[in-house]
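Geometric and topological summary
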Amino acid sequence: MWLIRINMKDRTYKVEESPKAYHTLAGRAMTSTLVSEEVPPTCHALGPNNKLVFAAGMVTGTSSPTSARISVGGKSPLTGGIKEANAGTSWARDFGIMRIKALVIEDQPAEKDQFWGVRLTWKDDKPHVELFEANDYKQQPLPGIFKEMYEKYGENVSICSVGPAGEYGYANSGIVFNDMHQRPSRYAGRGGLGAVMASKGLKFVILDKAGAPGVEIADKSLFDEGRKKMIDALREHAITKPKGGLNSYGTAVLINILNEAGGLPTRNFTSGRFEGAPRIAGEAIFEGNKKRLGKELYNHACSPGCIIQCSNTWHKEDGTEHTSCIEYESDWSLGANLGIDDLDVIAEMNELCNNYGLDTIETGTTLGVAMQAGVIPFGDGQGAINLVHEMGKGTPLGRILGAGTETTGKAYGVSHVPVVKGQSLPAYEPRAVKGIGITYATTTMGADHTAGYTIAPEILGVMGKQDPLSPEGKAALSRAFQSTTAFIDASGHCLFIAFAILDIASGYQGMIDEANGVLGTQWTADDVIKYGNEVLKKERAFNEAAGISPKADRLPEFFYTEPLPPHNQVFDVSDETLESVFGEM
Ligand code: SF4
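The following paragraphs examine the structure supplied in this document. Please read these numbers as outputs of a predicted model, since none were measured by experiment.

Here is what the cut-offs are and how they apply
Along every chain, residues carry numbers that run from 1 in the direction the sequence is written. Side-chain atom pairs in this predicted model are given and counted only at pLDDT of 80 or more, local residue features only at pLDDT of at least 70, and totals for whole chains, interfaces and linings cover all residues. Each side-chain value is worked out from all heavy atoms of the structure, with water and hydrogens disregarded. Definitions used throughout: a 1 Å grid over protein atoms alone; a cavity as a set of points that fits a 1.4 Å probe which cannot get out; a pocket as an open set with protein on both sides within 12 Å along at least five of seven lines; a lining residue as one with an atom within 4 Å of a point. Grid points are joined across faces, edges and corners, and a volume is the space filled by probe spheres set on the points. Labels follow the DSSP assignment, with helices taken as runs of H or I lasting at least four residues and strands as runs of E lasting at least two, numbered in each case from the N terminus. Ten residues, namely Ala, Val, Leu, Ile, Met, Phe, Trp, Tyr, Cys and Pro, are considered nonpolar, four, namely Asp, Glu, Lys and Arg, are considered charged, and the remaining ones, Gly among them, are considered polar. Here the term buried applies to any residue with accessible area under 20% of the maximum for its type, exposed to any over 50%, and partly exposed to those in between, with areas from a 1.4 Å probe on protein chains only. Between two residues, a contact is recorded if the distance between any of their heavy atoms is within 4.5 Å. Each residue is tested against the molecule or strand, and it is near if at least one of its non-hydrogen atoms lies within 4 Å. In this analysis, strands are considered paired if DSSP registers two or more bridges between them. Axis lines are fitted to C-alpha atoms, over the contacting stretch for helices. Their N-to-C directions set the angle, which ranges from 0 to 180 degrees. Pairing of aromatic rings covers Phe, Tyr and the six-membered ring of Trp, with a centre-to-centre limit of 6.5 Å; geometry is then stacked below 30 degrees between planes, edge-to-face above 60, and tilted otherwise. One less than the number of residues in a helix, times 1.5 Å, gives the span that helix is expected to have. Any pair of nitrogen or oxygen atoms within 3.5 Å is treated as a polar contact; in protein, a donor-acceptor pairing is required on top of that, and neighbouring residues in sequence qualify only through side-chain atoms on both sides.

So, about the layout of surface pockets. If you add up the space inside the second largest pocket, you get close to 510 Å³. Residue lining of the second largest pocket: 22 residues in total, with Met 1, His 23, Lys 101, Glu 216 and Leu 519 positioned closest to the centre. Contributions of two or more residues to the lining of the second largest pocket are made by β6 (100-106) and α21 (505-519). Residues that form the lining of the second largest pocket fall into these classes: 12 nonpolar, 5 polar and 5 charged.

Right under this line is the structure:
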């Protein structure tokens, strides 16, 4: 395996064999380890001492299903703490096939606003690095520049880039990767890593895997056994199977489900129910496409080898494609959270975020706070579209909004600002779903549902149904989910395998067998938790050294004091309970 370091100050690079100590590290475990070992916690996230680290998962690049995830790490300009964000893309597969353990981007150019691209190919039995000047692509919408890159470097490459939002240094800018149809639509979205990449003068990383040897597998028969168990579980479970919930309606299937549960945050977290929910739900996307295309359209895979295939597209009246993909989180943040119930408006904002390189969650929550401040009224679709353009064009107002939800709240004197550690809350109301609130408060990432997705048991009944309104036992539940998730994020699997493997024990064993098969380890289910805990420990230590104390593991005050309709619940989880989540590691 190869460790590649590129210094963007002088554009020099090293391609070295990866140290043996990193053998079992991959994905989030690799990025968080390198960030915690090499980035000074108190450095400025957009300064020369921050590093941007890419690493694929343990099984990424193999034939394991639903496992083409790339992890990106660094210090976050949004939270000031450690950040890991991951995306599903062929870029991840190619990274694995090229046997790259990690790509580390260091330092930054002395020249301001100068950009370069990096192209990695396979030459002389190792990855080969080339840099090229990329100033012509500055400020360009991402779809156009992806098209040019494919024309220039060939149909078989994979592309990672940043948009204008990253170039402006926005704390809500993401890093974008290609999907299976060469769209710039798969985001390592949260925490402003797009701005970190742009601060290093890096516009593209292009992978050309031609000739690369593929992932080395220590025990092929064990790997194959694990792979089969995983495939069987994914094909069997109602949520993940072909033409099941995710394949038919995408993640936006959750709109109606959360609305019914009174946990769909509406109009900047002032209600748990949105009267327009059925008009923007996954079912409405399915039916709307059917009407406009004259046929049923099932979802597609964002990345190679995905069995679940949950990524949707939305089409205009004339049948042409408008955007892909409207994830549940984007549908909610740009829809219910803004009081907007028009899918064409949501699709337009989603596509603008894809064009400018914005995180859809942070964008929607920022607009929610701006609406609360009276900048535009709730429900004003055209006004919201205009504000996304302000961000994309870097106007003075756009720059405030681009700095994120918390900054926008401060700029307008709003006290009702849904953030933890500077990062906005995603699409599940913590007063109606207590376990996910505990995850938001305690994860190392700032409010992040993917860090410990207790929605699985609390709302979807995976592993048995738990009462979402009760805080009872939820600290332990969140902790168990956070530890297991850290392992899944290191394995390279998409988190959505969790629905199947948490219900089907052989699927869970399949994940472990696959990892053992690739790495030659003998891990058990207990080791999964231990591995995850080690990752979390490193991340928590980094945050503490960066000045984020465990006392920051809290939700904003209004969640404790304002009862949320329709259940009229507050977030009744004590500080002691929150502190118990990571009390003993
Ligand atoms: S389940 Fe959905 S998000 Fe996950 S890899 Fe498959 S298509 Fe992508």
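A few words on the environment of Ile 497. Positionally, Ile 497 belongs in helix α20 (residues 497-503). The exposure class assigned to Ile 497 is buried, which follows from its relative accessible area of 0%. Between the alpha carbons of Ile 497 and Met 230 there is a distance of 8.5 Å; along the sequence they are 267 residues apart. Setting aside chain neighbours within four positions, we find Ile 497 in contact with Thr 66, Met 230, Leu 234, Ile 308, Ile 488 and Met 511.

Quick look at empty space enclosed by the protein now. Applying the stated criterion across every chain, the model contains 2 cavities of 30 Å³ or more. Space inside the largest cavity adds up to approximately 60 Å³. Forming the boundary of the largest cavity are Ser 248, Tyr 249, Gly 250, Gly 282, Ile 285, Phe 286, Asn 289, Leu 297, Tyr 298, Asn 299, Asn 312 and Thr 313. Put simply, the parts of the chain that give the lining of the largest cavity at least two residues each are α7 (245-249) and α10 (282-293). Ranked by residue count, the leading element in the lining of the largest cavity is α10, at 4 residues. Counted by class, the lining of the largest cavity contains 5 nonpolar, 7 polar and no charged residues.

Taken together, 13 residues lie near the ligand, and Cys 302, Cys 306, Cys 310, Cys 494 and Phe 496 sit nearest. In terms of residue class, the shell around the ligand is built from 7 nonpolar, 5 polar and 1 charged.

Strand order in the open sheet made by the 6 strands is β2-β1-β6-β3-β4-β5, with mixed pairing throughout. Each having just a single partner strand, β2 (12-17) and β5 (82-88) make up the two edges of the open sheet. Averaged over all neighbouring strand pairs, the angle between strand axes comes to 15 degrees, with direction disregarded. As defined by bridge partners, strand β1 (residues 2-7) adjoins β6 across 6 bridges and the pair is classed as parallel. Bridging across to β6, Arg 5 finds its partner in Val 104. Across the face of the sheet, helix α2 (residues 90-97) comes into contact with β3 (52-56), β4 (69-75) and β6 while running at roughly 80 degrees to β3.

The subject of this paragraph is the packing of aromatic side chains. Summed over the entire model, instances satisfying the criterion amount to 20 aromatic pairs. Where Phe 132 meets Phe 204, the ring centres are 6.2 Å apart and the plane angle is 20 degrees; that geometry is what we call stacked. You can see Phe 132 sitting in strand β8 (residues 126-133) and its partner Phe 204 sitting in strand β12 (residues 202-207), a full 72 residues away along the chain. Of the two residues, Phe 132 and Phe 204, neither departs from the other in class, the shared state being buried. Arranged with centres 5.7 Å apart and planes meeting at 75 degrees, the rings of Tyr 560 and Phe 571 form a pair that is edge-to-face. Of this pair, Tyr 560 sits in helix α23 (residues 558-561) while Phe 571 sits in the loop between α23 and α24 (575-581); the two residues are 11 residues apart in sequence, bridging distant segments of the chain.

This brings us to the side chain of Lys 474. In this structure, Lys 474 sits in helix α19 (residues 474-491). Look at Lys 474 and you get buried, because its relative accessible area is 1%.

This part is about helix α12 (residues 343-356). Over its 14 residues, α12 extends 20 Å from the first C-alpha to the last, a length consistent with the 20 Å expected when each residue adds 1.5 Å. Within α12, 12 of the 14 residues are buried, which leaves the element mostly enclosed by the surrounding structure. The complete set of buried residues in α12 reads Leu 343, Val 345, Ile 346, Ala 347, Met 349, Asn 350, Glu 351, Leu 352, Cys 353, Asn 354, Asn 355 and Tyr 356. The N-capping residue of α12, defined by a side-chain oxygen 2.8 Å from the backbone nitrogen of Asp 344, is Asp 342. In the segment just after α12, Gly 357 is the residue with positive phi, at about 85 degrees.

With that out of the way, let us pick up the environment of Glu 275. As for its placement among the helices and strands, Glu 275 is situated in the loop between α8 (254-260) and α9 (277-280). For the pair formed by Glu 275 and Asp 341, sequence separation is 66 residues and the distance between their alpha carbons is 8.6 Å. At a separation of 2.6 Å, a polar atom in the side chain of Glu 275 contacts the side chain of Arg 267.

Geometric values such as these leave the question of function open.
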